[in-house]
Amino acid sequence: MKIILIVLGAVCIYQLQRILYRKYWNKNLTVEIRFTQHAIWEREEGELCETIVNQKWLPLPMLRVKFEADRHLDFMQEENLAVTDRCYKHDIFTVMMFQKITRKLNFRADRRGFYEIKQISIDSTDLFMERHLDKDVACSASIYVYPRQADPGRLLIPFQKMMGEVLTRRYAYEDPFEFQGIRPYEPFDSMRDINWKASARTGELRTNLHGYTVRQEVCLLLNLESETMMDYKQLKEESIRLVNSLAEMFFVQGIPVGVYSNAKDLLTGREMEQLPGGGGQHLTQIRESLARLDLSQQMEEFGTFLKKHMEDSGNTDMMYVMVSSSQRPSAREQFQQLCSAYTGGVWLLPLYSWMEQKVFSSPDLSVMRWDIE
């Protein structure tokens with residue numbers, strides 16, 4: 001009789017725990033994955049944090065956490081990792097009641113981009129590890145991988161030549177916020193500059209004397225179309241790095257810089273358009289936009305893209321710098337017209353050392369070749 005009661009008790013416990021786990025295994029269970037940094041540089045190491053919180057009396061003898069990420073995030077812990085077209089990672093935990101577990105995974109970003117983890121799959125079992133229980137959890141982990149800087153030693157001389165172009169093209173403008181004194185009114189002075197208090201005190205019209213400020217903006221044009229059927233991705237990535245470096249170098253010199261590209265944004269599907277501006281936030285926006293450029297999407301022919309920009313732009317104080325490894329005739333002609341209309345421009349031409357250079361400097365256009373291995 002005792003044996004029967006023991007067997008019945010065991011069966012009851014077994015069935016009860018099955019019911020409890022089926023109903024409550026994921027109750028008050030939180031599984032979170034997040035990147036500990038908002039952004040890192042290409043080839044830099046980052047960190048992914050897994051956090052599991054079980055806030056109930058029911059322990060989980062086995063909890064498997066699975067997620068997938070882009071294969072260009074190279075996780076250094078190779079166990080429980082499979083890499084094909086994507087990187088598939090899974091970890092196994094034993095989670096006791098009211099326990100919090102945190103695990104940090106290191107990775108290296110092999111390529112610039114914007115990377116997201118949108119879903120986590122979790123599965124567990126009951127106490128006897130017989131019943132399979134699973135669930136998908138939404139995730140919003142993301143990280144920017146900025147393009148790394150181009151070789152600063154090599155880029156310094158081309159940049160100094162560009163700065164020479166900027167300095168020779170600068171225009172002086174009266175700055176209404178730069179007050180330098182008061183002088184007698186002249187017929188050519190604007191009525192809005194009259195100092196009425198000083199005029200009333202002296203009995204004759206007086207006008208405010210303003211200082212002058214220097215204005216010059218730089219527009220970086222990034223062409224990422226292919227010139228032939230061959231798709232030289234390394235040349236395109238080097239072009240992106242050059243634009244990233246030039247934007248920062250002009251920013252350091254206090255020159256407002258904008259970036260336009262015919263490549264499309266990974267998130268919006270629109271071409272990159274960063275209007276000229278200054279400040280740290282503007283530079284961050286440029287870096288993020290460059291990170292999100294998707295080279296797999298179809299691009300508008302750059303000659304057409306330039307023609308459209310010429311029609312939309314009315315800023316005669318702009319200096320244009322184009323970074324393009326493609327030397328298509330349509331792009332050459334449109335950029336030459338742009339340089340002629342805006343009294344000069346610069347073409348930075350990234351090429352493999354064995355590639356032929358088809359475009360050369362002219363009175364309105366300075367061509368600088370950038371060889372890469």
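Check the entry above for the structure.
Computed from a predicted model, the values in this text were never measured in an experiment.

Visitor: Please clarify how the overall build of the protein chain should be interpreted in this entry.
Guide: Assigned secondary structure in the protein chain consists of seven helices and 19 strands. Among the 373 residues that make up the protein chain, the fraction classed as buried is 46%. Residue pairs in contact within the protein chain that sit at least 24 positions apart in sequence constitute 71% of those at least 6 positions apart. Surface summary for the protein chain: the accessible area is close to 20000 Å², and the carbon and sulfur share equals 52%.

Visitor: Would you explain the packing of aromatic side chains in this entry?
Guide: Within a pair of aromatic rings, the relevant descriptors are the distance that separates the centres and the angle that separates the planes. Evaluated as defined, the whole model comprises 13 aromatic pairs. Pairing tyrosine 144 with tyrosine 146 gives two aromatic rings, centres 6.5 Å apart and planes at 35°, and the pair type is tilted. Here the two residues tyrosine 144 and tyrosine 146 agree in accessibility, since each one is buried. Three or more aromatic residues joined by ring pairs make a cluster, and in this case those are Phe35, Phe67, Phe75 and Phe107.

Visitor: Teacher, can you tell me more about the pairing of strand β4 (residues 60-70) here?
Guide: The side chains of a regular strand alternate, residue by residue, between the two faces of the sheet. In this sheet, strand β7 (residues 86-95) lies alongside β4 in antiparallel orientation, the contact comprising nine bridges. When the bridges of β7 are listed, alanine 69 appears paired with cysteine 87. Bridge analysis of β4 against strand β9 (residues 113-125) gives four bridges, and the strand direction is antiparallel. Counted as the bridge partner of lysine 66 is serine 121 from β9.

Visitor: In this structure, what is going on with the sheet that holds β9? I would like to understand it.
Guide: In a beta sheet, neighbouring strands are held together by backbone hydrogen bonds and run either parallel or antiparallel to one another. Taken together, six strands build an open sheet; the order of strands is β2-β10-β9-β4-β7-β6 and the sheet is mixed. Edge positions in the open sheet fall to β2 (39-41) and β6 (81-83), since each of these has one partner strand only. Neighbouring strand axes in the sheet, compared pairwise and without regard to direction, differ in orientation by 25° on average. Here helix α5 (residues 280-291) sits on the sheet and contacts β2, β9 and β10 (132-146); the angle it forms with β10, its principal contact strand, is near 125°.

Visitor: Mind showing me how you'd approach unusual backbone geometry here?
Guide: Both trends apply: most residues other than glycine have a negative phi, and most peptide bonds are in trans. Of note, arginine 43 is a non-glycine position whose phi angle comes to about 75°, a positive value. With respect to the helices and strands, arginine 43 occurs in the loop between β2 and β3 (45-54). Take arginine 43: its relative accessible area is 55%, and that puts it in the exposed class. One non-glycine residue with positive phi stands out, namely phenylalanine 98, at about 50°. Inspection of the secondary structure puts phenylalanine 98 in the loop between β7 and β8 (99-109). On the accessibility criterion, phenylalanine 98 (48% relative accessible area) is partly exposed.

Visitor: Whenever I open this one, α5 confuses me. Can you help?
Guide: For an α-helix, the turn length of 3.6 residues means that residues three or four places apart are oriented alike. Helix length check: α5 (twelve residues) gives 17 Å between terminal C-alpha atoms against 16 Å at 1.5 Å per residue, within 8%. Of all the positions in α5, only His282, Leu283, Ile286, Arg287, Glu288, Ser289, Leu290 and Ala291 are classed as buried.

Visitor: Looking at this model, I keep getting lost on the pattern of salt bridges. Mind explaining?
Guide: Pairing is possible between side chains that carry opposite charge, provided their charged atoms lie close to one another. Considering all chains together, one arrives at 19 salt bridges under this definition. A salt bridge links aspartate 74 to arginine 108, with the shortest nitrogen-to-oxygen separation between them at 3.4 Å. A residue pair is termed long-range when its members are at least 10 positions apart, and aspartate 74 in strand β5 (residues 73-75) and arginine 108 in strand β8 qualify at 34 residues. Taking the shortest distance from any N to any O, the salt bridge between aspartate 371 and arginine 369 comes out at 2.6 Å.

Visitor: For this particular structure, what's the right way to read the sheet that holds β5?
Guide: Spatially, four strands are ordered β1-β3-β8-β5 in an open sheet, and the strand pairing comes out antiparallel. Looking at the sheet topology across the chains shown, the edges are occupied by β1 (29-35) and β5. Along the sheet, successive strands turn relative to each other by an average axial angle of 30°, direction set aside. Relative to β3, β1 is paired through seven bridges, and the arrangement is antiparallel. Its bridge partner being in β3, threonine 30 is matched across the sheet by valine 53.

So, how was this worked out
Per chain, residue numbering runs from 1 following the sequence as it is written. Reporting of local features is limited, given that this is a predicted model, to residues whose pLDDT is at least 70; pairs of side-chain atoms are given and counted only at 80 or more, and all residues count toward the totals for whole chains, interfaces and linings. Each side-chain value is worked out from all heavy atoms of the structure, with water and hydrogens disregarded. Labels follow the DSSP assignment, with helices taken as runs of H or I lasting at least four residues and strands as runs of E lasting at least two, numbered in each case from the N terminus. Categorising residues by exposure relies on relative accessible area from a 1.4 Å probe, with only protein chains included: less than 20% of the type maximum marks a residue as buried, more than 50% marks it as exposed, and the intermediate range marks it as partly exposed. Contact between two residues is taken to exist if any of their heavy atoms lie within 4.5 Å; hydrogens are not considered. Only the protein chains shown count as cover for residues, and all accessible areas are computed by the Shrake-Rupley method using a 1.4 Å probe. Two rings from Phe, Tyr or Trp (for Trp, the six-membered ring) form a pair when their centres are within 6.5 Å of each other. A pair whose planes differ by under 30 degrees is stacked, one over 60 is edge-to-face, and the rest are tilted. Strands are labelled as partners when DSSP assigns at least two bridges between them. For helices, the fitted axis covers only the stretch in contact; all axes are lines through C-alpha atoms, and the angles between them, taken along N-to-C directions, range from 0 to 180 degrees. How far a helix is expected to stretch is found by multiplying one less than its residue total by 1.5 Å. The rule for a salt bridge is simple: a side-chain nitrogen of Lys or Arg has to be within 4 Å of a carboxyl oxygen of Asp or Glu.

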